[in-house]
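# Overview (structure and organization)
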Amino acid sequence: MLLKILLVIVLSVSGVLCQWEWGVTYTPERICALKGSSVDMRCTYSYPPYCTVQKTFWFIHWNEPQGPEDLSQDSEYTHRVEYLGNQNSDCTFRINQLKESDSAIYRFRFLTDSQHGKYFGQPGVSLTVTGLQVKVTENEAQSVTLTCSSTCTLSGSSTFTWYKNGEVVPYEYKYSLNVASTDDTDLYSCATGGVTSPAVNVKYPPKSVSVSVSPSGEIVEGSSVTLTCSSDTNTPVQKYTWLKKTGSVFSRRGSERSYIIKNITLQDAGEYYCVVENAIRAERSPPKHLDVQCEYISASQLQTHRAESQYLLSIFRKLCNRKTLSKAVTLASEGRIL
């Protein structure tokens, strides 16, 4: 009789103990991994010593009323997953040939021989699968910085390899690379963890845009003037735009690299800008000022008629605008304008 009582007590205690000491620990709880690589989700689990583990598995979907779906039975994972743990305390799980669609929260579940001995651990492992890409950042100097970029911070310390046209760039093992200059055919890519990014062509926006005037020197009414746009870029120019500024208003004047003004007039004087556009963006030159002299009076003519003062110059230009140039020159030659 005493033996039966003791047996009942032992069985009752074991049934109670089997509902204690349950736990799953994930280390770490967040992982960022590269597409095409493998990842190990490390975890440990615990349960009462009077229970015996009968089944272990990982899942991401919990379908009612069936319950959680074993990933090893999922056609998307069957040939890519491995359970590296055991039936005691290790529940490490591996996924190979990662896809971006594998990004999800993964949880571990185990079943014991107890009626209520089922458990899964929260919060699980949040996995983000990312690809690699090269991002280009322009510097103020004539250079760019290439960055080996991913959508999340890669787990663990990573060593990077840079390639230029398929050849390793020596002594460069960081996630960024400074490039002082490049040809428009150069292709750069980066690699880490056995995964290589797509190659990119490093392209510059137009730089050092400027305007030159031909012929140089004094511009006189009625002459022909050519404005030429120059820039530094390793990418073909797609479009030129010439602008003239009058007050605060810009007006379009041309769409070729050179802008020719035939039979120039006083109204053509002012500030001119060239806008150069390539596949990256458009850049505008500093202003180029055109000063158009009257046909009958110029700086050299002022010297000829000994009209040296700024006062006389302003009078001549006013007269020029009123089309009374011949009279102005006559008066000046006779010394009658003082």
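Above this text you will find the structure in question.
Quick summary incoming for the structure in this document. (Residues numbered from 1 in each chain as written. Predicted model: local features only at pLDDT ≥ 70, side-chain atom pairs only at ≥ 80, totals over all residues. Heavy atoms only, no water.)

## Details of the sheet that holds strand β22 (residues 225-232)
Pairing is antiparallel in the open sheet, where 3 strands are placed in the order β20-β22-β25. Because the sheet does not close on itself, it has two edges, and the strands there are β20 (207-214) and β25 (258-261). Put simply, the sheet's adjacent strands are angled 15 degrees from each other on average, direction ignored. Taken together, the 4 bridges between β22 and β25 define a ladder with antiparallel strand orientation. Looking across to β25, one finds that Leu-227 is bridged to Tyr-259. (Pairing = 2+ DSSP bridges. Helix = DSSP H or I, 4+ residues; strand = E, 2+ residues; numbered from the N terminus. Axes fitted to C-alpha atoms, helices over the stretch in contact; angles between N-to-C directions.)

## A short note on the state of the cysteines
Under the defined criterion, the tally for this structure stands at 4 disulfides. The disulfide partner of Cys-32 is Cys-152, and the S-S distance across this bridge is 1.9 Å. Every disulfide takes its handedness from the sign of the S-S torsion; for Cys-32 and Cys-152 that torsion is 75 degrees, giving right-handed. Here the residue Cys-32 occupies a position in strand β2 (residues 30-34), and Cys-152 occupies one in the loop between β13 (144-149) and β14 (161-164), the gap between them amounting to 120 residues. Taking relative accessible area as the criterion, Cys-32 reaches 7% and is therefore assigned buried. A sulfur-sulfur separation of 1.7 Å characterises the disulfide bridge that pairs Cys-43 with Cys-91. Of the two residues, Cys-43 is situated in strand β3 (residues 39-46) and Cys-91 in the loop between β7 (81-83) and β8 (93-95); the sequence distance between them amounts to 48 residues. Taking relative accessible area as the criterion, Cys-43 reaches 3% and is therefore assigned buried. (Disulfide = S-S within 2.5 Å. Buried < 20%, exposed > 50% of the residue type's maximum accessible area, 1.4 Å probe, protein only.)

So, to be careful, I would describe these as geometric facts and stop short of saying anything about function.
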